[in-house]
Amino acid sequence: MALNESSAPIKTVRKTRSVTINPPRMCQPMGAILAYMGVNGCVPLVHGSQGCSTYPRYNIARHFRESAEVAVSSLAEDAAVYGGARNLTEAIKNIKSRLNPAAIGICTTCMSETIGDDVKLISKKALTDDTMKIFPASTPSYVGTHLTGYDNALKTLVETMAVKGEPNNKINIITGIINPGDIREIKNMLRLMNVQTIFLSDISETLDTPILPGGHKPLLPDGGTSLTDIADSANSLGTIAICRTAGSAATYLQNKFKVPAVLAPAPIGVANTDKFVQNISMLSGASIPDEIKKDRGRLIDSMVDVHHYMYGRKVGIFGDPDLVSAIVRFCAEAGMNPTVAMTATKHKDFAPDIKAVNGEYKTDTQILEGTDLYEFHEVVKAQGAELILGNSKGKDVADDEGVPLVRFGFPVYDRVGVYRYSIMGYNGSIYLLDQMTNAILGHRYDPDKLHQ
Ligand code: SF4
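Residues numbered from 1 in each chain as written. Predicted model: local features only at pLDDT ≥ 70, side-chain atom pairs only at ≥ 80, totals over all residues. Heavy atoms only, no water.

Caption draft 1: A look at the overall build of the protein chain. Tallying secondary structure elements over the protein chain gives 17 helices and 14 strands in all. In terms of C-alpha radius of gyration, the protein chain reaches 22 Å, essentially the compact-globule figure of 22 Å for 452 residues. In terms of overall dimensions, the protein chain has C-alpha extents of about 75 × 50 × 50 Å along its principal axes. Working note: accessible area of the protein chain is about 18700 Å², and carbon and sulfur atoms make up 50% of it. The positive charge centre, built from 46 side chains, and the negative charge centre, built from 48, are 3 Å apart in the protein chain. (Helix = DSSP H or I, 4+ residues; strand = E, 2+ residues; numbered from the N terminus. Rg over C-alpha atoms; globule rule 2.2 N^0.38 Å. Areas by Shrake-Rupley, 256 points an atom, 1.4 Å probe, with all protein chains shown as cover. Lys, Arg positive; Asp, Glu negative; His and termini not counted. Charge placed at Lys NZ, Arg CZ, Asp CG, Glu CD.)

Right, here's the structure in full:
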């Protein structure tokens, strides 16, 4: 049965105001830092002013509850006149002498891009030996968002490191900006399928670091993808990008080394996780084990269990485009009614994804792309929402509307532990559905309205 019988065509709304109000997005260096933090022994270096590293560090500390070792070249007014070469050179030398890391991942900022510093050349001159790798990503913050920065940094990693060698029988997985818990769940599925992988990149340990016996926590965390593995990514059976906004490295490996690239939807919900498992099976030749089939069955069972609570529930969803479009599909699969899907980052697949769900499930989800939470709130008021899904920046909208907010994405700073759990794969989807159902039950439980 159609959830909505309205025949009005769904339009994609893009912001036309020149002022942005409450944007649920961040600037490019934020994403680049997260990509670099997934590389073993890599120190991110922000080539900009102090605030350009303080702001990402603050968000990382609040979301992951980990301190982040992020260096900065500390540009000041004089750099605007004379250039930032001296600061960048000193920063590279300081990091080498204090931490001696395996690599430094440089990201540029509004200021260094406006100055026009040749980061590649400056960093090459600053290195006196080749015991340390430097990744010089261009991440100008006046275009794109944190997702563009992640994509640019990841592409820089493979451009700098990947080399042709012997076939390795592995699959490259590009995660995009997802949580350590998500990466662990994806790894678990791949272990069950007996598939060897290279994660580009991998924050599952570096941003969820255990305290070891004796209270020891290393300055540069263990974990992350090794430089050797990044180099070897040119020899893999294929690359699967589970966030298409982070697909440039996959395309680069395909064009340069003929490593097949699959840019697929995020594995959330039944259909998208099926696609992920099928893609892994197609590239690796691995069969799908019973354990994974049982997990799929449990997801379907969990959807049946809560169907009478969730059917027709209006939900507003905002965040990064890959995650939003996958969650919209999952909500529709669960019989819910996604009234609005909003992303601040424009991406070519976003509107077609939502329109496809509208076509298949006869929903009429309003599409907001490249907009802000002001716009989102206006549509929530007009279309209605009994539940909002998004990061912590949606709290005011949820509070104003008197509905619960189920937190996902980045950053989540007003709840603890969200980064530890997965909303991906069959198991993660069960967890997400339980969170949504319990939010509805906890907020609106009324025996006269809800069946028990
Ligand atoms: S928007 Fe520009 S100035 Fe602001 S933190 Fe990002 S890079 Fe720095």
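Caption draft 2: Representation of the pairing of strand β8 (residues 238-241). Covered by surrounding structure in β8 are G238 and I240 together with T239 and A241, the residues of both alternating faces. Two strands pair when backbone bridges link them, and strand β6 (residues 171-174) and β8 are joined in this way by four bridges, in the parallel orientation. Opposite I173, over in β8, you have I240 as the bridge partner. Pairing between β8 and strand β9 (residues 261-263): three bridges, direction parallel. When the bridges of β9 are listed, T239 appears paired with A261. The β-α-β motif built from β8, the intervening helix α10 (residues 248-257) and the parallel element β9 has right-handed crossover chirality. (Buried < 20%, exposed > 50% of the residue type's maximum accessible area, 1.4 Å probe, protein only. Pairing = 2+ DSSP bridges. Right-handed = clockwise from strand over helix to strand, strands pointing away.)

Caption draft 3: Up close: helix α12 (residues 290-310). For α12, with 21 residues, the first-to-last C-alpha span of 29 Å sits near the 30 Å given by 1.5 Å per residue. Count one or two residues on from α12 and you reach G312, which has phi positive near 75°. (Expected span 1.5 Å × (residues − 1).)

Caption draft 4: A look at the nonpolar core. Counting residues in hydrophobic clusters, the biggest one holds 109 residues, and the most contacted among them are I268, F276, L389 and M436. Other than its neighbours up to four places away in sequence, M436 contacts M310, F330, C331, M336, L387, L389 and V406. Core analysis: the second largest hydrophobic core is formed by 15 residues, L368, F376, I388 and V397 among them. (Core = buried A, V, L, I, M, F, W, Y, C linked by side-chain atoms within 4.5 Å. Contact = heavy atoms within 4.5 Å.)

Caption draft 5: Highlighting the sheet that holds β9. Taking strand neighbours across the sheet as the criterion, the four strands line up as β7-β6-β8-β9 in an open arrangement whose pairing is parallel. Edge positions in the sheet fall to β7 (197-200) and β9, since each has one partner strand and no second. Direction aside, the axes of adjacent strands within the sheet are offset by 20° on average. Contacts from α10 reach β6, β7, β8 and β9 within the one sheet, and its direction differs from that of β9 by about 155°. Relative to the sheet, helix α11 (residues 270-284) contacts β6, β8 and β9, its axis offset from that of β8 by approximately 170°. (Axes fitted to C-alpha atoms, helices over the stretch in contact; angles between N-to-C directions.)

Caption draft 6: Spatial organisation of the domain arrangement of the protein chain. For the protein chain, the assigned domains are domain 1 (12-22 + 292-444), domain 2 (28-144) and domain 3 (171-209 + 219-284). Of note, the centres of domain 1 and domain 3, computed from C-alpha atoms alone, are 24 Å apart. Residue-level contacts link 31 residues of domain 1 with 28 residues of domain 3. A combined buried area of about 2500 Å² lies between domain 1 and domain 3, and 59% of that area is made up of carbon and sulfur atoms. (Domains from an automatic or database assignment. Buried area = accessible area lost by both parts, 1.4 Å probe.)

Caption draft 7: Looking closely at the sheet that holds strand β4 (residues 103-108). Within the open sheet, the four strands sit side by side as β3-β2-β4-β5. Their pairing is parallel. This sheet does not close on itself; its edge strands, each paired only once, are β3 (71-72) and β5 (133-137). As defined by bridge partners, strand β2 (residues 42-47) adjoins β4 across six bridges and the pair is classed as parallel. Residue pairing in the sheet places C42 in a bridge with A103 of β4.

Caption draft 8: Quick look at the packing of aromatic side chains. This model, assessed by the stated rule, comprises six aromatic pairs. Between Y36 and F135, the aromatic rings sit 6.4 Å apart at their centres with planes inclined by 15°, giving stacked as the arrangement. Separated by 99 residues along the polypeptide, Y36 in helix α1 (residues 28-37) and F135 in strand β5 bring together distant segments of the chain. Neither Y36 nor F135 differs from the other in exposure class; each is buried. Taking the ring centre of Y413 as reference, the NZ or CZ of R62 above it sits at 4.0 Å. In this arrangement the basic side chain of K187 is found over the ring face of F199, its NZ or CZ atom lying 5.4 Å from the centre. (Phe/Tyr/Trp six-rings, centres within 6.5 Å; stacked < 30°, edge-to-face > 60°. Lys NZ or Arg CZ within 6 Å of the ring centre and 35° of its normal.)

Caption draft 9: How the structure looks around the environment of S392. Secondary-structure assignment places S392 in the loop between β13 (387-390) and α16 (395-401). Given a relative accessible area of 3%, S392 falls into the buried group. When residues no more than four places from it in sequence are discounted, the contact partners of S392 are R407, P411, V412, Y413 and D414. Separated by 2.5 Å, the side chains of S392 and D414 make a polar contact. (Polar contact = N/O pair within 3.5 Å; in protein donor to acceptor, adjacent residues only side chain to side chain.)

Caption draft 10: Spatial organisation of the pattern of salt bridges. Taken as a whole and assessed by the stated rule, the structure comprises 17 salt bridges. When the shortest N-O distance is used, the salt bridge between K187 and D202 registers 2.6 Å. Here the residue K187 occupies a position in helix α8 (residues 180-192), and D202 occupies one in the loop between β7 and α9 (227-232), the gap between them amounting to 15 residues. Salt-bridge contacts for D349 lead to K348; the nearest nitrogen and oxygen are separated by 3.3 Å. A relative accessible area of 18% means that D349 is categorised as buried. Each of R244, D322, K348, D349 and D353 takes part in salt bridges that share partners, so that together they form one network. (Salt bridge = Lys/Arg side-chain N within 4 Å of Asp/Glu carboxyl O.)

Caption draft 11: Quick peek at unusual backbone geometry. Residue L200 is joined to S201 through a cis peptide bond whose omega torsion reads -15°. Here S201 lies in the loop between β7 and α9. Of note, the bond from F410 into P411 is cis; its omega dihedral lies within 30 degrees of zero at 0°. Following the sequence through the fold, P411 ends up in the loop between β14 (405-407) and α17 (425-444). A positive phi is found at N169, a non-glycine position, where the angle reads about 65°. When you line up the elements, N169 lands in the loop between α7 (146-161) and β6. Even without a glycine there, the phi angle at N194 is positive, about 60°.

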